[in-house]
Amino acid sequence: MFKFTLLLYIAVFTIDVQSINNDWWKDAVIYQIYPRSFKDSNGDGIGDLNGITSKLEHIKDIGADALWLSPIYTSPQADFGYDIANYTNVDPGYGTLDDFDKLVAKAKSLGLKVILDFVPNHSSNEHQWFKNSVNKVKPFDEYYIWRDAKIVNGVRKPPNNWLSTFKGSAWEWNAQRGQYYLHQFAIGQPDLNYRSSYLNQAMKDVLTFWMTRGVDGFRIDVINHVIEDVLMRDEPLSHDPSASSDDYNSLIHIYTKDQDESYGVLRSWRNLLDDFAIKHNTDGKFLITEAYTTLPLAMKYFSAGSNPFNFMFITDLNGESTAMHFKRTIDTWLNNLPKGNVSNWVIGNHDNHRIASRYGVKKADMVSMLATVLPGITVVYNGDEIGMIDRNFTWEETIDVAGCNLGQQKYHLGSRDPERTPFQWDDTTSAGFSTNQKTWLPVNDNYKTLNLAAQKVESTSHYKVFKALTTLKKKSLNMKKGKTEVTLITSEVLGIVRRLQGTSPVALVINTSDREVEVNAMGWLNIPLQMSAYATSVNSGIPFGTQVQSNALKIPGSASMILVSQNQMNELLTDL
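Residues numbered from 1 in each chain as written. Predicted model: local features only at pLDDT ≥ 70, side-chain atom pairs only at ≥ 80, totals over all residues. Heavy atoms only, no water.

Participant: Mind showing me how you'd approach unusual backbone geometry here?
Facilitator: Leave glycine aside and you will find that most residues have negative phi; peptide bonds, for their part, are mostly trans. Cis geometry marks the peptide bond from Lys 138 to Pro 139; its omega dihedral reads 0 degrees. For Val 222, which is not glycine, the phi torsion reads 30 degrees and is therefore positive. Among the secondary structure elements, Val 222 is positioned in the loop between β11 (217-220) and α6 (261-279). With a phi angle near 60 degrees, Asp 258 is a residue other than glycine that sits in the positive phi range. Within the element layout of this structure, Asp 258 appears in the loop between β11 and α6. For Asp 258, a relative accessible area of 18% puts it in the buried group. (Helix = DSSP H or I, 4+ residues; strand = E, 2+ residues; numbered from the N terminus. Buried < 20%, exposed > 50% of the residue type's maximum accessible area, 1.4 Å probe, protein only.)

What follows is the structure, encoded as structure tokens:
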């Protein structure tokens, strides 16, 4: 057994972070791109960097400030890029480093920031680091988490009862090394060892490599999994009746995630990014972290130097949620937000069913409205700006490892294929995503009618709603001091008012029920009597610009609308 080096992380900030321009992201719209599904430039049915570069104008057009690329690194694609075989190169299926440099250059010319997905918890088992670690080549011998087997009645067993999030034991036997390695995700994703100073430095070198190429920030994957209990204790049983003994949910995960040392690792990266920004005289480098965890633990990431993803619209709320649920959940987040920080509001992502599928098409715009009117960062997943929906997959069609590992009876409970189908650009071959009729995942059959080109010419569309929202965010809501009021008008109707310096109030009213209601928004929200419906949800039947009397506001079932003064309306229309 090799010796682990236990690192102590001390949160001492000696860098003058006040000299770094961090304002660019505080009200930004961040657009997530799933590279395999965005745009194929060479006809092989797989999206690539040159395809993304060719469509950057769309990202600018809808009002985004930054694009976040899901992993583009060299990978055997066992988990479609989240199994990395080389952290400092581009997978040949996506292009080359030169292609990446061209993408960054064009993005900068359009005023767009570039954020990369950083996957620090694990690499691929095809990474040279892992191959060296198997052979105990120093210092790679301690880059991963290796443990001896337990021998029970002469039978080799894993070191403890830890389970993979993809089902089954989190330990895999390696005969060559004669030990088990830890993998909290797929077998081909061995966990990295952050109790090794050598591994820590190697990962810092990765961050520096990409910042040198112009990257403006990083989305950090599963940050709360990067450190595990040093004593490797068994995790307690959850006694979940729906979980079999090898299901991840059969255990309570108190030793494999949310360890205090994770925040220390993150602080060391925050210091590195701040130091780089000052040394190279660049804007501040942004960190946003993924951790499906409790609210108190999520809030601790702010003090560690990142903005933790706010997944409330994905994990806490759904199409059946009432206005009361929305108010309670939004208030809880805002009331716990540490002073001096800004929130973020995630519309959707590549790991969860699309918002239009979870809430229904009528309420899809409601979530976009909430995420742009509420103060802070808006995070949108490619395709949600046009209301794309999940595609149903059969067991035979399923390729996502998370679904495949669950087997034919349960695959649909874990597969992420439905929300990862190709972007629907137009009604031509493969929805304009590729010239190839066969794409890595099938295109949704509804692409003939649901596509960007069609929505650009329609009088009302999700695209036009989303563009109106980002225009409002930039022109009337962006970087202004004031207050946000979240009001429960009825158990079914929620009102949100932004009162900002130098402008009339902006009000969002949403009806979470499926029937029309009439409310006195003027009285409950303290807004002017005469207002204009600046943006209204698709299928609401209320045209943009409709003048309304706020004391007798009629809101169709599942509809939402943003109200502004007539003067604001006139100013905003000039930018649409």
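Participant: Looking at this model, I keep getting lost on the sheet that holds strand β12 (residues 286-289). Mind explaining?
Facilitator: Backbone-to-backbone hydrogen bonds join strands into a sheet, with any given pair of strands oriented parallel or antiparallel. As summarised here, the arrangement of the 8 strands in space is β13-β12-β11-β5-β2-β1-β15-β14, forming an open sheet in which the pairing is parallel. Each end of this open sheet is capped by a strand with a single partner; those strands are β13 (307-308) and β14 (344-346). One ladder, built from 4 bridges, connects β11 with β12; its direction is parallel. Its bridge partner lying in β12, Ile 220 is registered against Thr 289. (Pairing = 2+ DSSP bridges.)

Participant: Looking at this structure, how should I read the pattern of salt bridges?
Facilitator: Note on pairing: side chains with opposite charge can pair once their charged atoms come close. Counted according to the given criterion, the structure contains 29 salt bridges. A salt bridge links Glu 57 to Lys 106, with the nearest nitrogen and oxygen atoms 3.0 Å apart. A residue pair is termed long-range when its members are at least 10 positions apart, and Glu 57 in helix α2 (residues 56-61) and Lys 106 in helix α3 (residues 97-109) qualify at 49 residues. Residue class for Glu 57 comes out partly exposed when judged on its relative accessible area of 39%. Measuring nitrogen to oxygen at the nearest pair gives 2.7 Å for the salt bridge that ties Lys 113 to Asp 283. Remark: Asp 283 occurs in the loop between α6 and β12 and Lys 113 occurs in strand β5 (residues 113-118); sequence separation between them is 170 residues. Here Lys 113 falls in the buried class, since its relative accessible area comes to 17%. According to the relative accessible area criterion, Asp 283 is partly exposed, its value standing at 29%. In this structure, a network of salt bridges that share partners links the residues Asp 79, Asp 351, Asp 400, Arg 416 and Arg 420. (Salt bridge = Lys/Arg side-chain N within 4 Å of Asp/Glu carboxyl O.)

Participant: What is the right way to look at the layout of surface pockets in this model?
Facilitator: Unoccupied space between atoms shows up once a probe the size of one water molecule is rolled over them. Taken as a whole, the largest pocket encloses approximately 1200 Å³ of empty space. Contributing to the lining of the largest pocket are 37 residues, with Thr 165, Phe 166, Tyr 248, Ala 402 and Gly 414 lying nearest its centre. Its residues assigned to classes, the lining of the largest pocket comprises 11 nonpolar, 14 polar and 12 charged. (1 Å grid on protein atoms, 1.4 Å probe; cavity = no way out; pocket = protein on both sides within 12 Å on 5 of 7 lines; lining within 4 Å. Points joined across faces, edges and corners; volume = space filled by probe spheres on them. Nonpolar A, V, L, I, M, F, W, Y, C, P; charged D, E, K, R; others polar.)

Participant: Help me understand the packing of aromatic side chains, please; the structure alone is not making it clear to me.
Facilitator: The description of an aromatic ring pair uses the distance of the two centres, along with the angle that the planes make with each other. Counted by the stated rule, this structure contains 32 aromatic pairs. With a centroid separation of 5.6 Å and an interplanar angle of 25 degrees, the aromatic rings of Tyr 87 and Trp 129 are classed as stacked. Here Tyr 87 is found in strand β4 (residues 86-90), whereas its partner Trp 129 is found in helix α4 (residues 128-134), with 42 residues between them in sequence. For Trp 129, a relative accessible area of 13% gives the class buried. Connected via pairs of aromatic rings, a cluster forms that spans Tyr 73, Tyr 87, Phe 100, Trp 129, Phe 140, Tyr 143, Phe 209 and Trp 210. (Phe/Tyr/Trp six-rings, centres within 6.5 Å; stacked < 30°, edge-to-face > 60°.)

Participant: What should I look at first to understand empty space enclosed by the protein in this one?
Facilitator: Using the criterion set out here, one finds 2 cavities of 30 Å³ or more in the structure. Ile 347, Ile 355, Ala 356, Ala 364, Asp 365, Ser 368, Asp 384, Gly 387 and Met 388 are the residues that line the second largest cavity. Taken together, the elements giving at least two residues each to the lining of the second largest cavity come down to α10 (355-359) and α11 (361-373). The leading source of residues in the lining of the second largest cavity is α11, at 3 residues. When its residues are assigned to classes, the lining of the second largest cavity shows 5 nonpolar, 2 polar and 2 charged.

Participant: What is the right way to read the side chain of Ser 123 from this model?
Facilitator: With respect to the helices and strands, Ser 123 occurs in the loop between β5 and α4. Separated by 2.7 Å, the side chains of Ser 123 and Tyr 144 make a polar contact. Apart from the residues within four sequence positions on either side, Ser 123 is in contact with Ile 84, Tyr 87, Tyr 144, Gly 188, Gln 189, Pro 190 and Leu 192. (Polar contact = N/O pair within 3.5 Å; in protein donor to acceptor, adjacent residues only side chain to side chain. Contact = heavy atoms within 4.5 Å.)

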